[in-house]
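Descriptive analysis of the structure
Spelled out, the chains give:
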Amino acid sequence: MEVTISTAELLTTDGIPLRQSLRKAERRNKIRAFLLVFPLLLFIIVTFVMPIGDMLLRSVDDSQINSVFPNTFDEYKNWDKGADELPPEEVYKSLFFELANGDKRQIGKALTRMNYAKSGWKSLIKKTTREIKKIVKKGEEPVSYKETFIKINKFWGDPTYWYSFNQMVNDRSSIYYWNALDRTFDEDGEVVLQDEKRRMYVKTWLRTFKVSVYVTIFCLILGFPVAHLLANLPLRYSNLLMIFVLLPFWTSLLVRTTAWIVMLQQNGVINGILVWLGVISDDGRIQMVYNETGTLIAMTQILLPFMILPLYSVMRVIPKSHMRAAQNLGAKPATAFIRVYLPQTIPGISAGGLLVFVLAIGYFITPELVGGKDGKLIGSWIAYHLKTTLNWGLCAALGGILLGIMLIFYWLYNKIVGIDNIKLG
Amino acid sequence: MALPSYATPVQRTYYYFYLFFCAVVFFFLIAPLFAIIPISFSVSPFMVFTEGMLAWPPDPEAWSIRWYKNMIGDCSADVVSSTVPCSTKWMVGTVNSFYIGIIATVIATALGTLAALGLSRPHMPYKGLIMAILISPMIVPLIITAAGMFFFYARINLVYTFTGVIFAHVALATPFVVITVTATLVGFDMNMVKAAQSLGAKPMRTFFKVIMPLILPGIISGALFAFITSFDEVVIVMFMASIDQLTIPKQMWAGIRQEISPVILCMATCLVLLSIFLLTTVELLRRRSEKLRGIKAR
């Protein structure tokens, strides 16, 4: 007996194959859903993603100075540093004409850039340009450009100035990233450590990590028992106590930072209480703010809710019977806690820990205000270069590194917790 | 959570130590916020508890509202102190903060709600990637955002304008709206939409008459989150705003940096009260939303 399977397609009432019709409907639904998201997506891409991308491009960009001294840099690359102490005549010649004919504003910008590579460039070039313009005005053509330069200023015979060109001769360069790690390029373009007195970033990076690790540990120590208490109290009480956690969360960061200054300063509340209690004498007041201690205390309090909330949501669902069962089976309370309860809170600990750590390394306001000189974190350098020195390449590179570190940790967070599991309040 | 009656003395000690420790942490969390309130009513221009304030019986001479008068721009003789400048800056800042905050909230809430509706649809393509992009402003440290935006907005002449600051604040605030509204839409019964449509309602009518009333608590909490984000934001404002866009946080920053004046504490007190108000509202809305969606309180 033969079984025939109909291969004819199912049709809708309009005579269109059902599969096609369904696919069309599916596509229409997809487009509709996407259209709802589209305005915000476009907005975020234009106002946020593009600026960040622009910053990352800026961190490897050295095209401005290359557009000012194209010939000089080309000739410079031909210089055989092993053979000659000073660059060849052509380098001096190209520089002569590029300084004489260049646009004043563009040269000014380039000078600022050159000063980041080696201080002293700005005044040297300014003086030299003045002299060169005089020579050009007189209509003389120098016999030896090299000699002319050295006659104008003896620093032109100093190869260390020329070596610093290595940091600038490429349109796209990684020099800012190396600078952000206290490294620079030497005469052969190799990566070496900066001068002793210019090394400050590695120190700050290390301090940023140290402070973040400490803050995370403190938050865990302080947050764990509190989350446990909140998770195990009857709802009536825990909702009430939750206000203590949520209110700081909702209060302006500046208000909390100001409050800590008031609390911790030399004649502040805590010192006042300690003096009143007789723990310390009136002139033995402790310096607790405008240093690393201040940063640690204030940041711990500010970030504590971010530890308590994830811990709480994990502890909430751990059945209370587990601890009782363990103890029934003969475990001491401590053993039951370590072997039964603690392992179940690991998701909460990792979520809270990562969140606090990631927030801490990017912190700026609080360390800047209560950190004084030795409590500042890397964010302060970014702000300093953005606003004060205008060394935007370095600023962008510091930001780029920080962003990279953040992304690694968020990738971890996403693996462990899932980024769309973030809950508020 | 109470101690069982058979607990040993050691367990009892541990238990009381644990409670004590928790109490200390709660105190640590909340005390700084409330310590500033009495100091803001001090007569002294220094941010400390003066002896008069701590004296018993209370010394009315030690307390005053002069700094509050200073804050609202009343520079009469009894208010002005040689060390504390008096100006209308705080009030200008308040107006600007509300102006920027409200506009940013309206835009962020509209865009964020639409996006959340789209993201909650089962047909949404590339959901994970899009969600990651939309949430990113909340994740990237503010100082990096500020640096990036400063470079970029300077190119298109948006630095030092209200538009620039508002755009930046909208970008920072939308993740909060997206998250809260998406959370409200979890467990939203899509059959209600189908029912409305089968009864002949057009999409707009379905949204405003069926979906909107149900997710309104979520939208309002999202809007409040958005507002407080913009209202408290200081890093972006520091770099992207000129003196014309002076806001409360910018003025507070200047106040802490240069002139440590007690007026800051008056403003801080007002902000603590505002946050208590917002926290209560959000909490009430959350309960209402759970009731509306038929979720039992945990």
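Conventions adopted
Residues numbered from 1 in each chain as written. Chains lettered and ligands numbered in written order. Predicted model: local features only at pLDDT ≥ 70, side-chain atom pairs only at ≥ 80, totals over all residues. Helix = DSSP H or I, 4+ residues; strand = E, 2+ residues; numbered from the N terminus. Rg over C-alpha atoms; globule rule 2.2 N^0.38 Å. Buried ≥ 20, exposed ≤ 12 C-beta atoms within 10 Å, placed from the backbone. Contact = placed C-beta atoms within 7 Å. Axes fitted to C-alpha atoms, helices over the stretch in contact; angles between N-to-C directions. Left-handed = near helix turned anticlockwise from the far one by under 90°. Nonpolar A, V, L, I, M, F, W, Y, C, P; charged D, E, K, R; others polar. Domains from an automatic or database assignment. Expected span 1.5 Å × (residues − 1). Parallel < 35°, antiparallel > 145°, perpendicular 65-115°, else oblique. Core = buried A, V, L, I, M, F, W, Y, C linked by C-beta atoms within 7 Å.

Topic: the overall build of chain A
- For chain A, the count of helices and strands is 19 helices and 2 strands.
- Its C-alpha radius of gyration of 32 Å places chain A more than 25% over the 22 Å reference for a compact globule of 425 residues.
- Reported as C-alpha extents along the three principal axes, the dimensions of chain A are approximately 100 × 100 × 40 Å.
- By residue count, 38% of the 425 residues in chain A fall in the buried class.
- Counting contacts in chain A only where the partners sit at least 6 residues apart, residues at least 24 apart contribute 67% of the total.

Digging into unusual backbone geometry
- A positive phi angle, close to 65°, is found at Y290 of chain A, a residue other than glycine.
- Counting through the fold element by element, Y290 of chain A comes out in the loop between α13 (269–277) and α14 (292–315).
- Owing to 19 C-beta atoms within 10 Å, Y290 of chain A belongs among the partly exposed residues under this scheme.
- The residue Y160 of chain B is not glycine, and still its phi comes out positive at about 65°.
- Checked against the element boundaries, Y160 of chain B lands in the loop between α6 (142–155) and α7 (162–185).
- Given 16 C-beta atoms within a 10 Å radius, Y160 of chain B is considered partly exposed.

Points about the packing of helix α11 (residues 248–257) of chain B against helix α12 (residues 263–292) of chain B
Residues and elements named next belong to chain B.
- Packing of α11 against α12 brings their axes to within 10 Å, and their N-to-C directions diverge by 145°. Crossing angle aside, the handedness with which α11 passes α12 is left-handed. Contacts between α11 and α12 involve I248, M252, G255 and I256 from the former and V263, I264 and M267 from the latter.
- Of the residues assigned to the contact of α11 with α12, the class counts are 6 nonpolar, 1 polar and no charged.

Here's the deal with the domain arrangement of chain A
- In terms of domains, chain A is made up of domain 1 (16–58), domain 2 (63–171) and domain 3 (201–421).
- Measuring from the centre of the C-alpha atoms in domain 1 of chain A to the corresponding centre in domain 2 of chain A gives 51 Å.

Examining the interface of chain A and chain B
- The interface of chain A with chain B comprises 77 residues on the first partner and 79 residues on the second.
- With 21 residues, helix α1 (residues 18–58) of chain A is the largest single contributor of residues to the side of chain A that touches chain B.
- The residue makeup of the side of chain A that touches chain B, split by class, is 55 nonpolar, 14 polar and 8 charged.

Observations concerning α6 of chain B
- Taking 1.5 Å as the rise per residue, α6 of chain B with 14 residues should run 20 Å; its terminal C-alpha atoms sit 20 Å apart, in good agreement.
- Considering only its buried residues, α6 of chain B is in contact with α1, α18 (378–389) and α19 (392–416) of chain A together with α5 (127–139), α7 and α10 (235–240) of chain B.
- N157 of chain B sits one or two residues past α6 of chain B and shows a positive phi near 55°.

Considerations on the packing of helix α5 (residues 104–117) of chain A against helix α6 (residues 121–138) of chain A
All names here are of chain A.
- Contact geometry for α5 and α6: axes closest at 8 Å, N-to-C directions at 140°. With respect to α6, the axis of α5 lies oblique. Contacts between α5 and α6 pair L111, M114 and N115 from the former with W121, K122 and I125 from the latter.
- Among the residues forming the contact of α5 with α6, the class breakdown is 4 nonpolar, 1 polar and 1 charged.

Description of the nonpolar core
- If you look at the biggest cluster of nonpolar residues, it comprises 168 residues, and the most contacted ones within it are L303 of chain A together with A147, I236, M240 and M267 of chain B.
- Here this core gets 15 residues from one element, more than from any other, and that element is α7 of chain B.

Brief notes about the domain arrangement of chain B
Residue and element names in this part refer to chain B.
- Partitioning chain B into domains gives domain 1 (1–36), domain 2 (41–85) and domain 3 (89–292).
- A separation of 36 Å is found between the C-alpha centroids of domain 2 and domain 3.
- Of the residues belonging to the side of domain 2 that touches domain 3, the class tally is 8 nonpolar, 3 polar and no charged.

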